Amino acid sequence: MFPKYDVIVVGAGHAGSEAAVAAANMGSKVLLVTMNMNTIGQMSCNPAMGGVAKGQIVREVDALGGYSGIVTDSTMIQFRMLNMSKGPAMWSPRAQSDRMLFAHKWRMMLEAHPNIDFWQEMVTGVVVKEGQVKGVYTGMGMEIESDAVILTSGTFLNGVIHIGEKQFGGGRAGERAAKGITEQLVELGFEAGRMKTGTPPRVDGRSLDYERMEVQPGDEDPGRFSYLDTERPDTQIPCHVTYTNPDVHEVLRTGFDRSPMFTGRIQAQGPRYCPSIEDKIDRFAQRDRHQIFVEPEGWETCEIYVNGFSSSLPEDVQYRALKLIPGFENVKMFRPGYAIEYDFFQPTQLGINLETRLVKNLFFAGQINGTTGYEEAACQGLMAGINAHLAIRDKEPFILKRSEGYIGVLIDDLVNKGTKEPYRMFTSRAEYRILLRQDNADVRLTPLAVQIGMEGMEERMEKVVEKVQAGKEIEKYLRNASITPDQLNGFLNAIGSAELKQSVKLKGILLRPHITLSKLREVLPELNQFLSAYQPKDIQTAEIEMKYEGYIRKEQELVEKMNRLEEVRLSDQIVYEDLKSLSSEAREKLTRLRPRTIGQASRISGVSPSDISVLLVHMGR
């Protein structure tokens, strides 16, 4: 019934969809297996993509040929660039999406790919022969052959949903949990654990009083995620902000004795940076209010996502508390919030290419690795898809360094350190974040995608070449163009900047604080005429590169030093137990994790600088 596939992807959420696309665009024949064809690419929680550091990840996925950015741009109802009051390393794009359109667009893009087939059924296990994956088993007893398998099971592995004192099996509201995979992998020697996440209630927007809330509009000139010329919305839907209060908190406390979090029914660790509302008022009892974001689910639906009110309290408690929030006095609830526990596998059991150490050509991506968030899942799926294709052809894996992308930071953190709670990306996790900005992901990563053979990158690469050339031309113009005191002193006086005493080069003026190219264009017609020939996004990158060139140069020097360690490969044949000069902890962790390079070894918790010196001496360095 089935041919043999190059790659089988299990699960069609954000990780699975990107994994299928990546492997298919590399040239593999892919089978995407999902329990429900109607939920491909579904936004299980909030109807939004991007945010702090997450937006950078979506840009990186797009730069490498993934589809998340294109899908988001095609379905957005609002766009905002966050952290614009901070430096450009912190600027982070975020978009609200139409939930139904988002899933529809993903499915249409997947169906349009000639290398992707689909099958709707539960996968109950993987076929393993002589330590190598050979396909999957399904619930109907089928065995489908493949050379590689990527598991992207999300919250479905033995998922249990909690609402107050009620609990029932499920991987998502209204969908059954997946059984069999965890048990088989544990038998094969994998270490499994449990994690928890949650979601807030959904309410009827027609029952809300928006006059009592703060309006949160999108940007006047909305941006986009993709580096391609995707369409942007002509209009946007505003979000709103309101707040809880002591009365809300008091009602919520009345349900604590029935809360699965406080009664011990939930044992798993939840996300530290996205706590439930009951966790917030318990941990931060001194605060008398918490922010609630009122987010529309789409263009035509009245359904509202109550961001900031994630809860597993009994539904009657959730409802009574909601009615005390300003603007929610007459609220009608579509469904309550809930918590969900599910199985995951410590990512330290993976290689840096996301292939499991125990079973060859078996890859994990997404929440199965202990992460949380669409964006974190999508980038893992992309990398697993690429590396599954490369692995079955005996090619070198595609690895991003920490200095090359947030994706590299995320995977390096997971594989070397593991996680005890759902892992979420932040800009603070990246030590080279001035290099890893949201505006330059295409320049950083698109050439790498071309090098590994990703199909369909011609237009993207042309744009990268144009962008790099534009940056050189703009920098040259500003370096050579002189400006006189008469031309600029009126403007400098108006903004409180020191006057010019003589003619200076325009680049020197740009380096002053609070001076931007957009402001200079308003007072210098010649500059405005010159820049009008370039794309705004290319001008922005050129300006950042010039204004922060000192910081960029310093980070690049640090990267070069670190790369010397990254280039020192560790042999798979090293018997760490024989190196008695290593600490016992280092011997144990190096034996278990088998780092590929000295650089990777240096980031393993418990491996000290003196242990690294021992390794370098052992290798004759």
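How each quantity is defined
- Residues numbered from 1 in each chain as written.
- Predicted model: local features only at pLDDT ≥ 70, side-chain atom pairs only at ≥ 80, totals over all residues.
- Heavy atoms only, no water.
- Helix = DSSP H or I, 4+ residues; strand = E, 2+ residues; numbered from the N terminus.
- Rg over C-alpha atoms; globule rule 2.2 N^0.38 Å.
- Buried < 20%, exposed > 50% of the residue type's maximum accessible area, 1.4 Å probe, protein only.
- Contact = heavy atoms within 4.5 Å.
- Areas by Shrake-Rupley, 256 points an atom, 1.4 Å probe, with all protein chains shown as cover.
- Lys, Arg positive; Asp, Glu negative; His and termini not counted.
- Charge placed at Lys NZ, Arg CZ, Asp CG, Glu CD.
- Patch = residues over 30% accessible without salt bridge, like charges linked within 9 Å, V, L, I, M, F, W, Y side chains within 5 Å.
- Salt bridge = Lys/Arg side-chain N within 4 Å of Asp/Glu carboxyl O.
- Pairing = 2+ DSSP bridges.
- Axes fitted to C-alpha atoms, helices over the stretch in contact; angles between N-to-C directions.
- Phe/Tyr/Trp six-rings, centres within 6.5 Å; stacked < 30°, edge-to-face > 60°.
- Core = buried A, V, L, I, M, F, W, Y, C linked by side-chain atoms within 4.5 Å.
- Parallel < 35°, antiparallel > 145°, perpendicular 65-115°, else oblique.
- Left-handed = near helix turned anticlockwise from the far one by under 90°.
- Expected span 1.5 Å × (residues − 1).
- Arc of directions from axis to C-beta.

Visitor: For the overall build of the chain, give the residues involved together with the corresponding values.
Guide: If you tally the helices and strands in the chain, you get 22 helices and 22 strands. What you see for the chain is a C-alpha radius of gyration of 26 Å, in line with the 25 Å of a compact globule of 621 residues. The burial tally for the chain puts 58% of its 621 residues in the buried class. Residue pairs in contact within the chain that sit at least 24 positions apart in sequence constitute 72% of those at least 6 positions apart. Total accessible area on the chain is roughly 26000 Å²; 49% of this is exposed by carbon and sulfur atoms. Counting 75 positive and 82 negative side-chain charges, the chain places the centres of these two groups 3 Å from one another.

Visitor: For a negative patch on the surface, give the residues involved together with the corresponding values.
Guide: A cluster of like negative charges, contributed by Glu455, Glu458, Glu459, Glu462 and Glu466, occupies part of the molecular surface. Relative to the elements of secondary structure, Glu462 occurs in helix α13 (residues 458–480). Among the residues examined, Glu462 registers a relative accessible area of 51% and is labelled exposed.

Visitor: Go over the sheet that holds strand β18 (residues 333–335), please, and point to the residues and values.
Guide: Sheets are built from strands that pair by backbone hydrogen bonding, the pairs being arranged parallel or antiparallel. Taken in spatial order, the 6 strands line up as β14-β15-β16-β17-β13-β18 in an open sheet, and their pairing is antiparallel. Because the sheet does not close on itself, it has two edges, and the strands there are β14 (214–216) and β18. Averaged over all neighbouring strand pairs, the angle between strand axes comes to 35 degrees, with direction disregarded. When β14 meets strand β15 (residues 239–243), the two strands line up antiparallel, connected through 3 bridges. By the bridge assignment for β15, Val215 is matched with His240.

Visitor: An account of unusual backbone geometry is requested, with residue identities and associated values reported.
Guide: A positive phi angle is found at Asn83, which is not glycine, with a value near 65 degrees. Relative to the elements of secondary structure, Asn83 occurs in the loop between β4 (76–82) and β5 (92–97). The backbone phi angle of Asn158 is positive, close to 50 degrees, even though this residue is not glycine. If you trace the backbone, Asn158 turns up in the loop between β9 (143–151) and β10 (160–163). Look at Asn158 and you get buried, because its relative accessible area is 13%.

Visitor: Residue-level account of the packing of aromatic side chains, with values.
Guide: Taken as a whole, this structure holds 9 aromatic pairs when the rule is applied. On the basis of an interplanar angle of 70 degrees and a centroid distance of 6.0 Å, the ring pair of Phe79 and Phe225 is categorised as edge-to-face. Of this pair, Phe79 sits in strand β4 while Phe225 sits in the loop between β14 and β15, placing them 146 residues apart in sequence. With respect to burial, Phe79 and Phe225 carry one shared label: buried. Grouped by ring-pair contacts, the aromatic residues Phe190, Phe345 and Phe364 constitute a single cluster.

Visitor: Tell me about the side chain of Asn563, residues and numbers included.
Guide: You can see Asn563 is positioned in helix α19 (residues 549–566). Each residue touching Asn563, except ones within four places of it in the same chain, is listed here: Lys401 and Ser403.

Visitor: So, the nonpolar core: which residues are in play, and what are the values?
Guide: One finds Leu151 and Leu362 to be the most contacted residues of the largest nonpolar core, which totals 107 residues. The leading source of residues in this core is helix α10 (residues 374–391), at 10 residues.

Visitor: Talk me through the sheet that holds β10; I want residue IDs and the actual numbers.
Guide: An order of β11-β10-β19-β12 is seen for the 4 strands of this open sheet, with the pairing classed as antiparallel. At either end of the open sheet lies a strand with only one pairing partner, and these are β11 (166–169) and β12 (192–199). Shown here is a sheet whose adjacent strand axes are inclined to one another by a mean of 25 degrees, direction ignored. Both β12 and strand β19 (residues 338–345) contribute to a ladder of 8 bridges, which runs antiparallel. What sits directly across from Thr197, in β19, is Ile340.

Visitor: Describe the pairing of β9, and please don't skip the residues or the numbers.
Guide: Summarising the sheet, strand β1 (residues 5–10) and β9 pair through 5 bridges and their orientation is parallel. When the bridges of β9 are listed, Val9 appears paired with Ile150. Relative to β9, strand β8 (residues 132–138) runs antiparallel, the two sharing 3 bridges. Across the sheet, residue Tyr137 finds its bridge partner in β9, namely Glu143. With antiparallel pairing between neighbouring strands as the criterion, β8 and β9 make up a hairpin whose turn holds 4 residues, including Gly141 at a positive phi of roughly 85 degrees. Across 3 bridges, the pairing between β9 and strand β20 (residues 362–364) is parallel. Across the sheet, residue Ile150 finds its bridge partner in β20, namely Phe363.

Visitor: So what's going on with the pattern of salt bridges? Residues and values would help.
Guide: Working definition: two side chains of opposite charge can pair if their charged atoms are close together. For the structure shown, the criterion picks out 40 salt bridges. Two residues, Arg320 and Asp316, come together in a salt bridge whose shortest N-O distance is 3.9 Å. Taken together, the residues Arg320 and Asp316, both in helix α9 (residues 315–322) and 4 residues apart, mark about one turn of the helix. Its salt-bridge partner being Glu588, residue Arg592 comes within 3.0 Å of it at the nearest N-O pair. With Arg592 and Glu588 both in helix α20 (residues 584–593), this residue pair falls 4 residues apart, about one helical turn. Arg592 sits in the partly exposed class, given a relative accessible area of 40%. Several salt bridges share partner residues, and in doing so they unite Arg402, Asp412, Asp413, Lys417, Glu431, Glu566 and Arg603 into one network.

Visitor: Describe the packing of helix α12 (residues 441–452) against α13, listing the residues and the values that go with them.
Guide: Their axes nearest at 10 Å, the elements α12 and α13 cross at an angle of 140 degrees. By the angle between their axes, α12 is oblique relative to α13. α12 and α13 meet at a crossing whose hand is left-handed. Across the interface between the two elements, Asp442, Val443, Thr446, Pro447 and Val450 of α12 pack against Arg460, Met461, Val464, Lys467 and Val468 of α13.

Visitor: Which residues make up α12, and what values go with them?
Guide: With 12 residues, α12 should cover 16 Å at 1.5 Å per step; its first-to-last C-alpha distance of 17 Å lies within 8% of that length. Along α12, the positions that sit buried rather than exposed are Ala441, Asp442, Arg444, Leu445, Thr446, Leu448 and Ala449. Down the axis of α12, the buried side of the element spans an arc of 165 degrees, and every buried residue falls inside it. On the buried face of α12, the contacting elements are α2 (54–63) and α13.

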